[in-house]
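Tertiary structure, described
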Protein chains: 2
Amino acid sequence: MLNPTRTFAILISLSAAINPASALWPLPKQLSTGTTALKLSSHFDIRITVRDAPRDLQEAVDRTKSRLQKDKLERLVVGRSSADARAIQGARSIGLLTLALDGSAKPRSIAQEAVVDLGSRSEGYTLHVPSDGSTAVLRANSTLGLFRGLTTFEQLWYDDLHGATYTLEAPIDIADAPAYPYRGFMLDTARNFFPVSDIKRTLDAMSWVKINTLHWHVVDSQSFPLVVPGFTELSAKGAYSPSSVYSPSDVRDIVSYAAARGIDVLAEIDTPGHTSVISKAHPEHVACAEAKPWAQFANEPPAGQLRLASPATIDFTAKLIKAASSLFTSKLFSTGGDEINANCYTQDAQTQTDLAGRTFEQALDTFTQATHSALRDNGKTPVVWEEMVLEHNVTLSNNTVVMVWISSDHVAAVAQKGYRLVHAASDFFYLDCGGGGWVGDFPSGNSWCDPFKTWQKSYSFNPTANLTDDQAKLVLGGQHLLWTEQSGPQNLDPVAWPRAASSAELFWTGPGQDIEKALPRLHDLAYRFNARGVRAIALQPQWCALRPGACDLTA
Amino acid sequence: MLNPTRTFAILISLSAAINPASALWPLPKQLSTGTTALKLSSHFDIRITVRDAPRDLQEAVDRTKSRLQKDKLERLVVGRSSADARAIQGARSIGLLTLALDGSAKPRSIAQEAVVDLGSRSEGYTLHVPSDGSTAVLRANSTLGLFRGLTTFEQLWYDDLHGATYTLEAPIDIADAPAYPYRGFMLDTARNFFPVSDIKRTLDAMSWVKINTLHWHVVDSQSFPLVVPGFTELSAKGAYSPSSVYSPSDVRDIVSYAAARGIDVLAEIDTPGHTSVISKAHPEHVACAEAKPWAQFANEPPAGQLRLASPATIDFTAKLIKAASSLFTSKLFSTGGDEINANCYTQDAQTQTDLAGRTFEQALDTFTQATHSALRDNGKTPVVWEEMVLEHNVTLSNNTVVMVWISSDHVAAVAQKGYRLVHAASDFFYLDCGGGGWVGDFPSGNSWCDPFKTWQKSYSFNPTANLTDDQAKLVLGGQHLLWTEQSGPQNLDPVAWPRAASSAELFWTGPGQDIEKALPRLHDLAYRFNARGVRAIALQPQWCALRPGACDLTA
């Protein structure tokens, strides 16, 4: 019964059990901790020593102070906080955290820093929490970096039942910065609609784990909830209901809410496929609209694709993309480009006429260049799904960002073509897999991307597998994705959290972290999410959550 | 493009689209509907024409009247209620529903009727809703039957945005009764704890689809939340926290709340396996308690089984079972009996001594007869998991109820032994399957019972497959089951609903119903659940929910 694997597991679990810093998620790049107990003073304050500090930084500080009061998170050990009662007896109290900016330039707001080019976005910070009760110091080169540091500071503390907020491992020194500039979460609001409140709650949760991009797949074949100035007929006729829409003021609200939390909103209008709903207002622009049997014209119902060979449709689409992208402050905007069905165009008489001897690929090239130049005229960088570079022969600007979704095996092929890429592979990051098939009248139907992708599967992903050093530089980061054929406000939180936090740490801290050490921290994160009103699920029986390592395969 | 399958699907979907009675779930045994629009009068009332009507019947009537006001459910068609505006113009209004009991005996309460023997429980009713606005009549032989009828009546109506509550298909005549007497839902409150409020909300949801049994797997190896008079040390030392318990008054509250909703609470204390937590208070009664590596002693951590060969432990267990079963009004109580690990006993010196030459099977027989006679002394009928009859040679009374969980292929073997059985097979009814493995440090771990069991899979189950007519009579019914290694209050509703309603209809209406016709009704049910505060998930994009049949495989 004394096998080395087991002994190893137990040693690990012990170290995890006595390590409250295991509450940090994502793990900082550099972390050193001591063994001194330290409390937050009842008068604890956070002071911004920054001239002309932007308003959103002050608001972030206020949120942090509020969470330090309200989280009331007991440590996950047998006995919970009572296990720490003796350790914190007579512990010193820290009264102040100061925030300081390096450099003398007038600081930009978090919102401004949140949308600068990925290559030059500054999210790093240093944090020092002394053990003697003297002032803690958070420093960064940008207000965005200070915001990331506040998020870390919030995770350092536990609470007991007597009102004490404490850590057991002062002094704490952290020097942190993300391994990858893009850490995202994709939400589909077209298969089923999500009220603004659900999106804001999701943005909060994302910010707690330093995710910096909401990839908003806002419209699709089933519904068009986005109210686009100049194109309001699309949502008027294509939304599920008059109230199931995102008005321009809703979008401004979401974008500013996100930006104040260090999150860039990368919106997508998928073209030329996945556009059936546009036929409600503009039948003239859509081929094979709701054609049956749908399986011959699309990967899911309803069928319908923009008439990519029609000059009128190209003009309409380019103007729509320009108008829609103008609603967002992000430098990135996605034109999609996935799952184009050739049969839809073959069967469409008008498209056959419009092609006028050109091939489908030539027409797609013309179509895409029109939408992408509209984006560039708007100061935006195009984002596309992988088919646009792997299955089609489309001319794209070098700075185009490609999202790899079909399979992680396709990453190398995209990198070989020299494009920057985002990991979004269904075999690692799709949150909807494993939920069973949703198509009707199909008793034996299972999820097309079975099995369910556990957090451990996503967490073990290697972002640079099979890439040369030069190709590895093209990897911007990655994200979890939630397609919502079987999701709505009812299960948004449970489907997304805490699983989506696994890619947040993978792309912030970097790959190769220890899964067995990560689980206790992820439990802690899930409990903290619940304390903050996000319904993250239990990953294990609570018996396991209270005993790090005890439910490991080899324990 | 004109294939017969597709044409068939479209015809079906049309009939479904024009059939609001598709909101009924479960479908009544006999249903005839007309095509006349009928509204509920703003003065609509429900009158009980029963002498000495029990209080819980009046309370059920009040809940029904409240839901008729508050559901505000618009019909799921394109345009929602506006599609019916013309149809309900000038429609007559019904002002009264009367409830009448057949027979002259003093009526028993719903709570009393809810716990009578399954063989003689009376849940049938007739309901007539005339089209001319005259009084509707609900008749039954029991208050429980009247309650089931009220549940049906609540589902007949839709709302529009102008305050009208209406049906489009008066007159409506229903003669209804369940195909099977046992229709259950199992909840595990030991892997993770569920507050009383979650259990009550689940009981409400169960009652809305005429589920009549809560199989409460209340304790297990991980925690012992049940406060048992005389054995309070078990919950004091074995609950996750002092507040994570069900006190005797909590249990009384849950049992009476359930009974008033026609639900019997079948509690389970699993023995001799799945009892590790008992070692916290009584180490003397538990073999291999938390032994490592756990995988050698149990199917999941922590290991630990009652010392079934010890006279002291047998006496302790029999008294515990008697005391625990006394908390419940049900005639049924489960002693479990699944997943007994032989190695645990082989390695336990005391058990080897206690066996004193007897075989393990002989000891298990003695142990089980002690617990079961304690139940019979208490007027209870024992319930066990399938291993007790298929893997062990235990003497059981003929009226013992056996739950088949490992595989539906084992049903015939249980029936051949002549035991009454409940369908609870993991390959059809386990709600936790497909969620990925939960054991730690196991990146490639998937759900042991992959894939996810869709509602369509459960709905297509045949309860009497491979059974003779005589064996078929032994089938009491079936249930969905929620084991909670990866569930808690956060995802209880989304994991359970509306999937668990599929077995509710299967065992009420009977097998062989049309899956394609059922989907629109199940969508309606899910929307109604949400209107009532139960977070049932979306089974499809709303585009599909509004277009019955349009998202079928062959549409």
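Source: prediction; values computed, not measured.

**Looking at the UniProt feature "domain: Beta-hexosaminidase eukaryotic type N-terminal" (unreviewed entry) in chain A**
Per the UniProt annotation, the sites labelled "domain: Beta-hexosaminidase eukaryotic type N-terminal" (unreviewed entry) are residues 24-156 of chain A. As a span, residues 24-156 of chain A carries 27% helix and 29% strand, and end to end its C-alpha atoms are 7 Å apart.

**Thoughts on helix 8 (residues 248-259) of chain A**
Residue and element names in this part refer to chain A. Counted at 1.5 Å a residue, the expected span for helix 8 with its twelve residues is 16 Å, and the 16 Å between its end C-alpha atoms agrees. For helix 8, the full list of buried residues reads Val 251, Ile 254, Val 255, Tyr 257, Ala 258 and Ala 259. Lining the buried residues of helix 8 we find helix 4 (110-113), helix 6 (196-208), strand 8 (213-217) and strand 9 (264-268).

**Thoughts on the state of the cysteines**
Residue and element names in this part refer to chain A. Per the counting criterion, the structure on display carries six disulfides over all chains. Disulfide pairing is shown between Cys 288 and Cys 344; the S-S distance is 2.0 Å. Disulfide Cys 288-Cys 344: torsion about the S-S bond near -95°, hence left-handed. Of this pair, Cys 288 sits in the loop between strand 10 (286-287) and strand 11 (305-306) while Cys 344 sits in helix 10 (residues 342-346), placing them 56 residues apart in sequence. On the accessibility criterion, Cys 344 (0% relative accessible area) is buried.

**A few points about the interface of chain A and chain B**
At the interface, 64 residues of chain A touch 64 residues of chain B. Carbon and sulfur atoms make up 57% of the area that chain A and chain B hide from each other, which totals about 5500 Å². The interface formed by chain A and chain B contains zero salt bridges. Where chain A packs against chain B, one counts 27 residue pairs in polar contact (both at pLDDT 80 or more). Looking at the side of chain A that touches chain B, the elements with two or more residues in it are helix 1 (4-17), helix 16 (455-459), helix 20 (515-531) and helix 21 (542-545) of chain A. Top contributing element to the side of chain A that touches chain B by residue count: helix 20 of chain A, with four residues. Partitioned by chemical class, the residues of the side of chain A that touches chain B number 30 nonpolar, 21 polar and 13 charged.

**Let's talk about the sheet that holds strand 15 (residues 420-423) of chain B**
Residue and element names in this part refer to chain B. With parallel pairing, eight strands are arranged side by side around a closed barrel as 7-8-9-12-13-14-15-16. Strand after strand, the sheet turns through a mean of 30° between neighbouring axes, direction not considered. Where strand 7 (residues 182-188) meets strand 16 (residues 475-482), six bridges bridge the pair, whose relative direction is parallel. Paired with Met 186 across the two strands is Leu 481, which belongs to strand 16. Set on the sheet, helix 6 (residues 196-208) makes contact with strand 7 and strand 8 (213-217); between it and strand 8 the angle comes to about 150°.

**Brief notes about the environment of Glu284(B)**
All names here are of chain B. Counting through the fold element by element, Glu 284 comes out in the loop between strand 9 (264-268) and strand 10 (286-287). Distance from Glu 284 to Ser 310, taken between C-alpha atoms, is 9.7 Å for residues 26 residues apart in sequence. A polar contact is formed between the side chain of Glu 284 and the side chain of His 282, at a distance of 2.8 Å.

**Examining the packing of helix 2 (residues 55-70) of chain A against helix 5 (residues 143-154) of chain A**
All names here are of chain A. At a closest axis distance of 10 Å, the pairing of helix 2 and helix 5 adopts a crossing angle of 0°. Between helix 2 and helix 5, the crossing angle belongs to the class labelled roughly parallel. For the pair helix 2 and helix 5, the contacting residues are Leu 57, Ala 60, Val 61, Arg 63, Thr 64, Arg 67 and Leu 68 in the first and Thr 143, Leu 146, Phe 147, Leu 150, Phe 153 and Glu 154 in the second. Its residues assigned to classes, the contact of helix 2 with helix 5 shows eight nonpolar, two polar and three charged.

**Some thoughts on the relation of the copies chain A and chain B**
When chain A is brought onto chain B, the operation consists of a screw motion whose angular component is 180° and whose axial shift is 0.0 Å, with 0.0 Å RMSD remaining. Here the transformation between the copies is reduced to the relation of a two-fold axis. When C-alpha positions in chain A are compared against the rotation axis, the closest is assigned to Gly434(A), at 2.8 Å. In this assembly, 100% of the residues forming the interface of chain A have copies in chain B that are likewise at the interface, indicating an isologous arrangement.

**Side note on the environment of Ile314(A)**
All names here are of chain A. Inspection of the secondary structure assignment puts Ile 314 in helix 9 (residues 311-325). The sequence separation of Ile 314 and Phe 367 amounts to 53 residues, and the corresponding C-alpha distance is 5.8 Å. Setting aside residues up to four positions removed in sequence, Ile 314 forms contacts with Leu 308, Thr 366, Phe 367 and Ala 370.

**Examining the side chain of Ser325(B)**
Residues and elements named next belong to chain B. By secondary structure assignment, the location of Ser 325 is in helix 9 (residues 311-325). The class for Ser 325 is buried, based on a relative accessible area of 0%. A distance of 2.9 Å separates a polar atom in the side chain of Ser 325 from a polar atom in the side chain of Asn 378. Those residues in contact with Ser 325 that sit more than four places away from it in its chain are Phe 333, Leu 375, Asn 378 and Lys 380.

**Remarks on the UniProt feature "domain: Glycoside hydrolase family 20 catalytic" (unreviewed entry) in chain A**
Per the UniProt record, "domain: Glycoside hydrolase family 20 catalytic" (unreviewed entry) is annotated on residues 180-510 of chain A. Overall, residues 180-510 of chain A shows 35% helix and 14% strand. The separation of its end C-alpha atoms is 8 Å.

**So, the packing of aromatic side chains**
On inspection of all chains with the given rule, the structure shows 45 aromatic pairs over all chains. Between Phe428(B) and Phe429(B) the ring centres are 6.2 Å apart and the planes differ by 40°, which places this aromatic pair in the tilted class. Accessibility assignment for this pair places Phe428(B) and Phe429(B) in one class, buried. Through successive ring pairs, a cluster of aromatic residues spans Tyr180(A), Phe428(A), Phe429(A), Phe461(A) and Phe507(A).

**So, the pairing of strand 14 (residues 401-404) of chain A**
All names here are of chain A. In strand 14, alternate side chains face the same way, and those of Val 401 and Met 403 on one face and Val 402 and Val 404 on the other are all buried. In the sheet, strand 14 pairs with strand 15 (residues 420-423) via four bridges, with the strands oriented parallel. Bridged to Met 403 within strand 15 is Val 422.

**Some words on helix 19 (residues 500-509) of chain B**
Residues and elements named next belong to chain B. Most of helix 19 is tucked away, with ten of its ten residues classed as buried. Taken together, the buried positions of helix 19 are Ala 500, Ala 501, Ser 502, Ser 503, Ala 504, Glu 505, Leu 506, Phe 507, Trp 508 and Thr 509. The positive-phi residue at the C-terminal boundary of helix 19 is Gly 510, with phi of around 105°.

**Some words on the pattern of salt bridges**
A complete count under the given rule lists 52 salt bridges over all chains for this structure. Across the pair Glu154(A) and Arg67(A) runs a salt bridge, and its minimum N-O distance is 2.8 Å. Here Arg67(A) lies in helix 2 and Glu154(A) lies in helix 5, a separation of 87 residues in the sequence. We note a salt bridge from Arg261(B) to Asp204(B), for which the minimum N-O separation is 2.8 Å. Of this pair, Arg261(B) sits in the loop between helix 8 (248-259) and strand 9 while Asp204(B) sits in helix 6, placing them 57 residues apart in sequence. According to the relative accessible area criterion, Arg261(B) is buried, its value standing at 8%. Ionic contacts of the salt-bridge type, sharing partners, join the residues Arg67(A), Asp71(A), Glu154(A), Arg528(A) and Arg532(A) into one network.

**Considering unusual backbone geometry**
Backbone torsion omega between Thr271(A) and Pro272(A) reads -10°, so that peptide bond is classified as cis. Tracing the backbone shows Pro272(A) in the loop between strand 9 and strand 10. Here the phi dihedral of Lys210(B) falls at roughly 65°; this positive angle occurs in a residue that is not glycine. Residue position: Lys210(B) is located in the loop between helix 6 and strand 8.

**Quick word on the pairing of strand 12 (residues 332-336) of chain B**
All names here are of chain B. Within strand 12, five of the five residues are buried, leaving the element largely enclosed by the surrounding structure. Note that strand 12 and strand 13 (residues 381-385) share four bridges and pair parallel. Its bridge partner being in strand 13, Gly 336 is matched across the sheet by Val 384.

Quick notes on the rules
- Residues numbered from 1 in each chain as written.
- Chains lettered and ligands numbered in written order.
- Predicted model: local features only at pLDDT ≥ 70, side-chain atom pairs only at ≥ 80, totals over all residues.
- Heavy atoms only, no water.
- UniProt positions renumbered as here; feature names shortened; annotations may be inferred.
- Helix = DSSP H or I, 4+ residues; strand = E, 2+ residues; numbered from the N terminus.
- Expected span 1.5 Å × (residues − 1).
- Buried < 20%, exposed > 50% of the residue type's maximum accessible area, 1.4 Å probe, protein only.
- Contact = heavy atoms within 4.5 Å.
- Disulfide = S-S within 2.5 Å.
- Buried area = accessible area lost by both parts, 1.4 Å probe.
- Salt bridge = Lys/Arg side-chain N within 4 Å of Asp/Glu carboxyl O.
- Polar contact = N/O pair within 3.5 Å; in protein donor to acceptor, adjacent residues only side chain to side chain.
- Nonpolar A, V, L, I, M, F, W, Y, C, P; charged D, E, K, R; others polar.
- Pairing = 2+ DSSP bridges.
- Axes fitted to C-alpha atoms, helices over the stretch in contact; angles between N-to-C directions.
- Parallel < 35°, antiparallel > 145°, perpendicular 65-115°, else oblique.
- Least-squares fit on C-alpha atoms with pLDDT ≥ 70 in both.
- Phe/Tyr/Trp six-rings, centres within 6.5 Å; stacked < 30°, edge-to-face > 60°.

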